Amino acid sequence: MPLLSAGNAMLVVIDFQAKLMPAIHDGETVLLNAGRLAEAARLLDVPAVLTEQYPRGLGATVPALAEVAPAVTKMSFDACAEPAFLEAVAGDRELVVCGCEAHVCVGQTVLTLLEHRRRVVVVADAVGSRVPLSREIALQRMASHGAEIVTTEMVLFEWLRSAEHPQFRTVSKLIR
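A. The arrangement of the side chain of Lys74 in detail. Within the element layout of this structure, Lys74 appears in strand β3 (residues 71–74). According to the relative accessible area criterion, Lys74 is buried, its value standing at 1%. Of note is the side chain of Lys74, whose polar atom sits 2.9 Å from the side chain of Asp15. Not counting chain neighbours up to four residues away, the residues in contact with Lys74 comprise Asp15, Thr51, Glu52, Gln53, Tyr54, Ala79, Glu82 and Cys105.

B. Representation of the sheet that holds strand β5 (residues 120–128) within the structure. Taken in spatial order, the 6 strands line up as β3-β2-β1-β4-β5-β6 in an open sheet, and their pairing is parallel. A strand with exactly one partner marks an edge of an open sheet, and here the two such strands are β3 and β6 (148–150). Strand after strand, the sheet turns through a mean of 25° between neighbouring axes, direction not considered. Of the pairings in the sheet, the one linking strand β1 (residues 9–14) to strand β4 (residues 94–100) comprises 6 bridges and is parallel in character. Paired with Ile14 across the strands is Gly99, a residue of β4. Strand contacts of helix α5 (residues 132–144): β5 and β6, with the helix running at about 175° to β5, the strand carrying the most contacts. Packing of helix α6 (residues 152–160) onto the sheet brings it into contact with β1, β4, β5 and β6, and relative to β5 it is tilted by some 135°.

C. Layout of the pairing of β3. Every second residue of β3 is oriented toward a common face, the buried set being Val72 and Lys74 and the non-buried set Ala71 and Thr73. Across 4 bridges, the pairing between strand β2 (residues 48–53) and β3 is parallel. The residue of β3 that forms the bridge with Leu50 is Ala71.

D. Up close: a nonpolar patch on the surface. The grouping of Val131, Leu133 and Ile137 at the surface amounts to a nonpolar patch, some 280 Å² of accessible area in total. Within the fold, Leu133 resides in helix α5.

E. Inspection of the nonpolar core at higher detail. In this structure, Leu11, Phe16, Leu37, Val96, Cys98, Val155 and Trp159 are the most contacted members of the largest nonpolar core, which totals 35 residues. In terms of residue count, helix α1 (residues 27–43) provides more of this core than any other element does, 7 residues in total. If sequence neighbours within four positions are ignored, Phe16 has contacts with Met21, Val30, Leu31, Ala34, Ala60, Thr61, Val62, Leu65, Cys98, Gly99, Cys100 and Ala126. Formed by 27 residues, the second largest nonpolar core is a distinct cluster that contains Ala102, Val106, Leu111 and Leu114.

Conventions and cut-offs
Residues numbered from 1 in each chain as written. Predicted model: local features only at pLDDT ≥ 70, side-chain atom pairs only at ≥ 80, totals over all residues. Heavy atoms only, no water. Helix = DSSP H or I, 4+ residues; strand = E, 2+ residues; numbered from the N terminus. Buried < 20%, exposed > 50% of the residue type's maximum accessible area, 1.4 Å probe, protein only. Polar contact = N/O pair within 3.5 Å; in protein donor to acceptor, adjacent residues only side chain to side chain. Contact = heavy atoms within 4.5 Å. Pairing = 2+ DSSP bridges. Axes fitted to C-alpha atoms, helices over the stretch in contact; angles between N-to-C directions. Patch = residues over 30% accessible without salt bridge, like charges linked within 9 Å, V, L, I, M, F, W, Y side chains within 5 Å. Areas by Shrake-Rupley, 256 points an atom, 1.4 Å probe, with all protein chains shown as cover. Salt bridge = Lys/Arg side-chain N within 4 Å of Asp/Glu carboxyl O. Core = buried A, V, L, I, M, F, W, Y, C linked by side-chain atoms within 4.5 Å.

Structure follows, in structure tokens:
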């Protein structure tokens, strides 16, 4: 099915860490959109998984996203190298991905998930890199291997499907 479904989705939140975020180009917008996705996931009962890359060096997850899920700590850039991550994403849910950096941890994780024949949807306005060109090339590469590239609003409205959804007003306020 081309449209996303809240009933069959999982939000994957990759490495929104305190010491990394100040270096991310347009990091405030990326973080704001990730927060919108996280809140919509909470309201619509979409499960989530969160990763932290080398938290001793990069710090913990930023407070705005720290409550999304318990963090899966990793040293590999590819979260799929961590058994706890693979366990968290096991099954056939479509994986809606946001995070940093697009060309490193997000990209490697997405490419491996695609190798595992998962439906992976990358939220372009909720992924970032230090250098805009790195982000753009990473999005192109992920798309060329089968990742779907969407925006935060696309995800929210596809999860809702209708203005008659009981959470429509609450979720739609997230993007105003």
